[in-house]
Amino acid sequence: MAMALDAGEGLPQGRAVDVQFRTKAFIGGQFVEAVSGKTYATENPATGKPLAEVAECDSRDVDLAVRAARRAADSGVWSRMSPGERKRILARFADLIDKHVSELALTESLDAGKPISDCLSLDIPDTANCIRWHAEAADKLYDEVAPTGPDNLALILREPVGVVGAIIPWNYPALMAAWKLGPALATGNCVVIKPAKQTSLSLLRLAELAAEAGLPDGVLNVVPGPGEAVGEAIARHMDIDAVAFTGSTEVGRQVLRHASESNLKRVLLELGGKSPQVVMGDVTNLDHVAEQAANAIFWNMGENCSAGSRLIVHTTIKDALLEKLVGLTRQWIVGDPLDPATRIGPMITKTHLDRVLSYVRAGVDEGAGIVVGGTRVLAETGGYFIEPTIFDRVSNDMRIAREEIFGPVLATLEFSTEEEAISIANDTPYGLAASLYTDNLHVAHRVARALKAGTVAVNCYSEGDMTTPFGGYKMSGFGGHDKSVHAHEQYTELKTVWMQFAANH
Ligand code: NAD
């Protein structure tokens, strides 16, 4: 399929991009039909029209994929390859992602409704960067020798767990895959990965590029299909050694149960969030805060686990900050994701749009006030668009302050003292991320430590970069981290080899 793209960073005006939709499962190095022969339509959320027919796998396909992965794991073709050689193959994979950035970005934009400008500048380059970062770490991390004295030698080794199952969401289809694949593959594991049903296309193409880069057959297997069939089969599989899950807290709970009811595979959960943005009364540059706060909630349509969905702002500056934020929403243009000017594309599905709109109604019903936005727009396109929306007069017991909306909807709350700000910020079942704005260094240190979240960004909205671990406190997850060398821990076993040197040997 070839499509003409008008413009966009990295794409010359009017250049046609050849989009290779891969729609079958990728098992043992081959694209294969689902055992059932069934397919399902993946749709373009900007038009509501079908985009491609994708293999609808079930537990039988998961079995085949696990068998292929186990064969590859047992053969040692990947796990016993020298780390330097693994690095070279994964680095080639990253290079191929970069080479196909336009095609992958277009695929991602069409399948997930994400703005093409974000796909070109962030999603796909970050996907390549993630794979490359872990590839480069592969031959630079040393095992340990314990300080046992001269009569013994104790090696503390990191070994791959074996076969890793990965289950990922639809909001960053390629990047969330890379957050799992980078560390799992770099540490020598074989992987069976399930994309979200709504967004399988970019990952299937990534698998093909990995094979082209030299990844041996069976090391990476992609099984598309519904969560209840494919995801559950992965979580319950007796021959998968670890499962890495990113998605909602509700489904994460099920994955944990399935793991506990099967072979007690180790579980990594990266779940939802309701992240606070705390703005102290001492901040002087409100323009900067407004810009960051808008980015925190509107970026990726608010379909973002770390979205700063609760703006907790000092009473003295609340009105001034809201005025600036409302002004900024005009710059968050809602529209066709393929238009480079668009910053907010559609919600992923009609069901999800309806869910987000139901939260807007709940906010109004519970007494909050809409400052801007709140309605569906561009319905004539067939797409699932909603305006960026800001609520004022929210209290922390309202549903829009407690539940993850996963859309461009911001709830504004007020405080008068630092203690109150911390108390409101931490009064949530989640603990994924937080932002803090202050001009006072003492306050920055004190409050950053008091906020119960896996990542606290000070005077900005950020998840850090590849060098920093990303994971949640409380019901935002546990069991490991994505990104950084800490991500290698959940994909490796720690083995002690104890050797004794008796005098008569
Ligand atoms: P989801 O939980 O509905 O689905 C996630 C994945 O699980 C999908 O692949 C889905 O098919 C699969 N699944 C569904 N039912 C399953 C079952 N019974 N057993 C096993 N797998 C099953 O989440 P979503 O709607 O795709 O994504 C949005 C959620 O993901 C939000 O809650 C968001 O906060 C979270 N998220 C978290 C992070 C993070 O790093 N913490 C990153 C991105 C998204």
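Our structure's up above, just so we're on the same page.
This text gives an overview of the structure that appears in the document. The structure displayed is predicted, hence computed values, not measured ones.

What counts as what
- Residues numbered from 1 in each chain as written.
- Predicted model: local features only at pLDDT ≥ 70, side-chain atom pairs only at ≥ 80, totals over all residues.
- Heavy atoms only, no water.
- 1 Å grid on protein atoms, 1.4 Å probe; cavity = no way out; pocket = protein on both sides within 12 Å on 5 of 7 lines; lining within 4 Å.
- Points joined across faces, edges and corners; volume = space filled by probe spheres on them.
- Helix = DSSP H or I, 4+ residues; strand = E, 2+ residues; numbered from the N terminus.
- Nonpolar A, V, L, I, M, F, W, Y, C, P; charged D, E, K, R; others polar.
- Axes fitted to C-alpha atoms, helices over the stretch in contact; angles between N-to-C directions.
- Left-handed = near helix turned anticlockwise from the far one by under 90°.
- Contact = heavy atoms within 4.5 Å.
- Expected span 1.5 Å × (residues − 1).
- Buried < 20%, exposed > 50% of the residue type's maximum accessible area, 1.4 Å probe, protein only.
- Polar contact = N/O pair within 3.5 Å; in protein donor to acceptor, adjacent residues only side chain to side chain.
- Right-handed = clockwise from strand over helix to strand, strands pointing away.
- Pairing = 2+ DSSP bridges.

### Focus: the layout of surface pockets
For the second largest pocket, the calculated volume is near 490 Å³. Together, 22 residues line the second largest pocket, and L141, D143, R158, T187 and H488 are the ones closest to its centre. For the lining of the second largest pocket, the secondary-structure elements that each account for two or more residues are α2 (83–99), β8 (152–160) and β26 (492–500). Its residues placed into classes, the lining of the second largest pocket shows 11 nonpolar, 5 polar and 6 charged.

### Considering the packing of helix α3 (residues 101–112) against helix α4 (residues 116–137)
Close contact between α3 and α4 brings their axes to 9 Å; oriented N to C, the two are set at 115°. Here α3 and α4 pass one another in a crossing that is right-handed. Counted together, V101, S102, L104, A105, L106, E108 and S109 of α3 and I116, C119, L120, I124 and P125 of α4 form the full contact between these two elements. Among the residues making up the contact of α3 with α4, the classes are represented as 9 nonpolar, 2 polar and 1 charged.

### Section: helix α5 (residues 173–186)
Under the 1.5 Å per step criterion, the end-to-end length of α5 is 20 Å for 14 residues, consistent within 8% with the ideal 20 Å. Along α5, 14 of the 14 residues are buried, which leaves the element largely enclosed by surrounding structure. Positive phi appears at G188, one or two residues downstream of α5, with a value of about 95°.

### A closer look at the side chain of N171
Considering the arrangement of structural elements, one finds N171 in the loop between β9 (163–167) and α5. From its side chain, N171 meets the backbone oxygen of E303 in a polar contact 3.2 Å long. Discounting residues that sit within four places of it in the chain, N171 has contacts with K114, M176, N300, E303, N304, C305 and F406.

### Some remarks on the pairing of β9
Counted residue by residue, β9 has 5 buried out of 5 residues, so it is predominantly covered. Side chains of β9 alternate between two faces, with V163, G165 and I167 and V164 and A166 buried alike. For the crossover from β9 across α5 to strand β10 (residues 190–194), the handedness is right-handed. Pairing of β9 with strand β12 (residues 242–246) involves 4 bridges; the strand directions are parallel. In the strand pairing of β12, I167 is matched with F245.

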